[in-house]
Structure formats: C-alpha cells, structure tokens
Amino acid sequence: MTTSSSASSNSSNSSTSATNLVIRPLAGPGELDLFLRLAYSLDHELADDLATGRRLPGWMWVALDGDRLLGRIAWWTNKEGAEPLALDFFDLSPELTAEEREDVGLRLLETATAAVVPAGTQRPEFGRFMPADWREVPETRSVLESLFSVLERTGARPLVERLRLEWRPGTPVPEPKGRLEFRPVRDREDLVALMTPVMEGTLDGHGQADLASGLSPREAAELHYDEEFAHYTSPSEWWRVAQLPESGEPVGFVVPARNNYHHTIAYIGVLPAHRGHGYIDDILAEGTRILAAADVPRIRAATDLGNVPMAASFARAGYVAFERAINYVWDAPGASGS
C-alpha cells in the first residue's frame, strides 16, 4: 500500500516541505538502513527482531519526500506469527516544523494503521521511551508533544508515564533481614492466586486499566500471566513467594526474569493484608539477589511515576532512574479522530 499526496507547509525553508509525500512499508529487511536514517533508543534491536519474526517489514512504514525520510512507524510482537502487540516506533524528522510534523505524522499513522491493524479491532498500545529530562529540553519536548498531539487526534489518550530503572553490577545488594522466607513459585495457579488480591488495590496504571475495562482481578491476573510471564525463556525457578517464617503465610512475590532483551524485575507485589510493614524492600532485595547471582550485566525495572512507594523502594535498593516511558491507548475498536 502506497499513498502519495501534496503536503502544504508555511515553512520558508523549502528543503523541509513534504511536497510529494510517499507513505509505504519497507519492501523487505534489505531496506532496514532506510528505516535507520532516523534514530531511537531501540534501533539496535531491529535487525534481530526482523530475523526472529517479532517484526515484519509490512509492519515497518516510512514517509518519504524523494529520498528524504520524514517519518517512520513500526509495530512489534513477542513471538513469530503473533498479531502486533505494541506500536513502539513513531519518529518524525527533526528538520520538520511543528506544523509539518503534525501533517506528516497524522498521514503516516493513519495510513500505516489502516494496513497493519485489522479493521474493527482495538489498536495496539503505543509506548515511547524518553529522556528523564524531556520536559526541560525545549527541542525534545517540542518533538514529543507533536507525536502526542498526533496520537490524540486519532482518539488515543495518555495512560501512564513511567520511570525506567536500572541496577548495575557492583551496586550493593542488601543481605536478607530474616523477616521473610522465600520459596519458588510452584505453578501458574500458585502465582495467579497471589496476583489476584494484589490487583484489587493496585497503583499500576495498566492494572487499573484492566479493571476499568470490566475484567475481574482474577481475570486481569490471568491475562498478565498468559500474555507476559508464560513467554519468558528464563527459569521459572527464579520466581519467589515471600512468606512469614512462623506460619508460612504468603506476604508477597517477585518475578525476576529475562524478557527478549533484558533481565528484569518483571512483577513484584505485597498482599493487601501485609502492606505498611516495609516488606516490599525485602522482596525486591530477594529478586535482585537472584539475578545478581546469575551474573547478569544489568537489571531493568519500571514503575509508574505516581507509584511513589514503589519508586522509593527501588531507590533504596540502588536502582537508578535513567529514562522515562509513556503509554497511550485507544479505548475503542477502530477509534479515530480528525
């Protein structure tokens, strides 16, 4: 699918006006260099994603004016053959004016979405990594706000902004305090049964969105497990349940894992009955110890900007906030704006 149209511009610099905009997918992996003419922090993952089927050339679209790349967009999935799960690339040339970014971005987003996302289905969530100081740098803020404006014009809304965190080798790992004992997660039901009450009072934006959509806490926990945890190739023996030494009563859990790209604290929770006692620090320390003992190059984690208690726990454990992330969602199937 290719579209060609004339794009107007008020810019006095004709070199940045999209006079003959062509929007099309990549012809194949051999065009990856074209896609890489714009830059983003996930560029280094693209070649392997294409080789493993997590991306398809038909999911990677470009907006061109002659041989100039004005914009690009791409979707991702977690395994070969699956439907697109996330829209995680959306970049526009910094040479464009704010007005041109809105014009090119809207045409690119709508044209590519119409081809990639089946009609009548809900659009995959958009996720974007951003510098921690993105609001304080005028150029960065201007470009990102242009992207967000385009998303909102098509019916998207911001779901959550998150802190991206990293633990680095050499950072001290707290010794066990002895307040809790830890055992491996037995099976799917063992973990889902603990995730369910944690979901009920969650501060996590994605969890809250699942509940607001009509899912029960149990259904939201099952969805999270089946869409994420079930696909990890790292040992499930790393997953831990925290319990009281005297009674064996569960207090919480942690899921240290490796996703397709990094070792991560994938999920951590304290059961409602045991909140307010600082157990989150003990549980996070256990998950960190497990991955540190595996001699990993780093541990990644993320928490919502508004989840102040969790962010504070990561800071106490030596995790450094190195980046932000933002997520936008389309609530209605086929949602579109003008």
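Refer to the structure printed above.
The rules behind the values
- Residues numbered from 1 in each chain as written.
- Predicted model: local features only at pLDDT ≥ 70, side-chain atom pairs only at ≥ 80, totals over all residues.
- Heavy atoms only, no water.
- Helix = DSSP H or I, 4+ residues; strand = E, 2+ residues; numbered from the N terminus.
- Rg over C-alpha atoms; globule rule 2.2 N^0.38 Å.
- Buried < 20%, exposed > 50% of the residue type's maximum accessible area, 1.4 Å probe, protein only.
- Contact = heavy atoms within 4.5 Å.
- Axes fitted to C-alpha atoms, helices over the stretch in contact; angles between N-to-C directions.
- Parallel < 35°, antiparallel > 145°, perpendicular 65-115°, else oblique.
- Left-handed = near helix turned anticlockwise from the far one by under 90°.
- Nonpolar A, V, L, I, M, F, W, Y, C, P; charged D, E, K, R; others polar.
- Phe/Tyr/Trp six-rings, centres within 6.5 Å; stacked < 30°, edge-to-face > 60°.
- Lys NZ or Arg CZ within 6 Å of the ring centre and 35° of its normal.
- 1 Å grid on protein atoms, 1.4 Å probe; cavity = no way out; pocket = protein on both sides within 12 Å on 5 of 7 lines; lining within 4 Å.
- Points joined across faces, edges and corners; volume = space filled by probe spheres on them.
- Salt bridge = Lys/Arg side-chain N within 4 Å of Asp/Glu carboxyl O.
- Pairing = 2+ DSSP bridges.

Could you give an account of the overall build of the protein, naming the residues involved and the relevant values?
What the protein contains, in helices and strands, is 9 helices and 13 strands. For a compact globule of 338 residues, the expected C-alpha radius of gyration is about 20 Å, and the protein comes in at 22 Å, within 12% of that figure. Considering only C-alpha atoms, the protein reaches an extent of 75 × 40 × 35 Å along its principal axes. For the protein, buried positions account for 50% of its 338 residues. Put simply, of all contacts in the protein between residues at least 6 apart along the chain, 70% involve residues at least 24 apart.

Tell me about the packing of helix 8 (residues 279-293) against helix 9 (residues 308-316), and name the residues and values.
Running from amino to carboxyl end, helix 8 crosses helix 9 at an angle of 50 degrees, the nearest separation of the two axes being 10 Å. As summarised for this structure, helix 8 and helix 9 are arranged oblique, according to the angle between their axes. In the crossing of helix 8 with helix 9, the sense of the turn from one axis to the other is right-handed. From helix 8, I280, D281 and L284 reach across to helix 9, where they touch M310, S313, F314 and R316. Residue classes in the contact of helix 8 with helix 9 are distributed as 4 nonpolar, 1 polar and 2 charged.

How would you summarise the environment of P138 if you had to cite specific residues and measurements?
Checked against the element boundaries, P138 lands in helix 4 (residues 138-153). With relative accessibility at 58%, the residue P138 sits in the exposed group. Each C-alpha atom, one on P138 and one on R107, is 25 Å from the other, the two residues being 31 residues apart in sequence.

Talk me through the packing of aromatic side chains; I want residue IDs and the actual numbers.
The relation between two aromatic rings is expressed through the spacing of the ring centres and the mutual angle of the planes. Counting across every chain of the model gives 12 aromatic pairs. Ring centres of F253 and Y267 lie 5.5 Å apart, and the angle between their planes is 35 degrees; this geometry places the pair in the tilted category. Taken as a pair, F253 in strand 10 (residues 250-258) and Y267 in strand 11 (residues 263-270) lie far apart in primary sequence, 14 residues in all. In this structure, F253 and Y267 share a single accessibility class: buried. Cluster of aromatic residues (ring-pair linked, three or more members): Y225, F229, Y232, W239, F253 and Y267. Just above the ring of F129 sits the side chain of R164; from NZ or CZ to the centre is 3.6 Å.

Which residues make up the layout of surface pockets, and what are the values?
Space inside the second largest pocket adds up to approximately 290 Å³. If you go around the second largest pocket, you meet 16 residues; those closest to its centre are A39, Y40, D91, R128 and V143. At the level of secondary structure, the elements contributing two or more residues to the lining of the second largest pocket comprise strand 5 (86-92), strand 6 (125-130) and helix 4.

Account for the pattern of salt bridges, naming residues and giving values.
Enumeration over the complete set of coordinates arrives at 32 salt bridges. Ionic pairing is found between R54 and D49, a salt bridge with its closest N-O pair at 2.9 Å. The salt bridge involving D91 is made with R128; its shortest N-O contact spans 2.7 Å. With D91 in strand 5 and R128 in strand 6, this pair connects stretches of sequence that are 37 residues apart. Judged by its relative accessible area of 5%, D91 is buried. Through salt bridges with shared partners, a single ionic network connects D48, D49, R54, R55 and D88.

Explain the pairing of strand 4 (residues 68-76) residue by residue, including any values.
When you tally the buried positions in strand 4, you get 8 out of 9 residues, the bulk of the element. Judged from the 6 bridges that link them, strand 3 (residues 60-65) and strand 4 form a sheet pairing that is antiparallel. Each bridged residue has a counterpart across the sheet, and for M60 the counterpart in strand 4 is A74. Turn length for the strand 3-strand 4 hairpin, with the two strands adjacent in sequence and antiparallel, is 2 residues, and the turn residue G66 shows positive phi of about 65 degrees.

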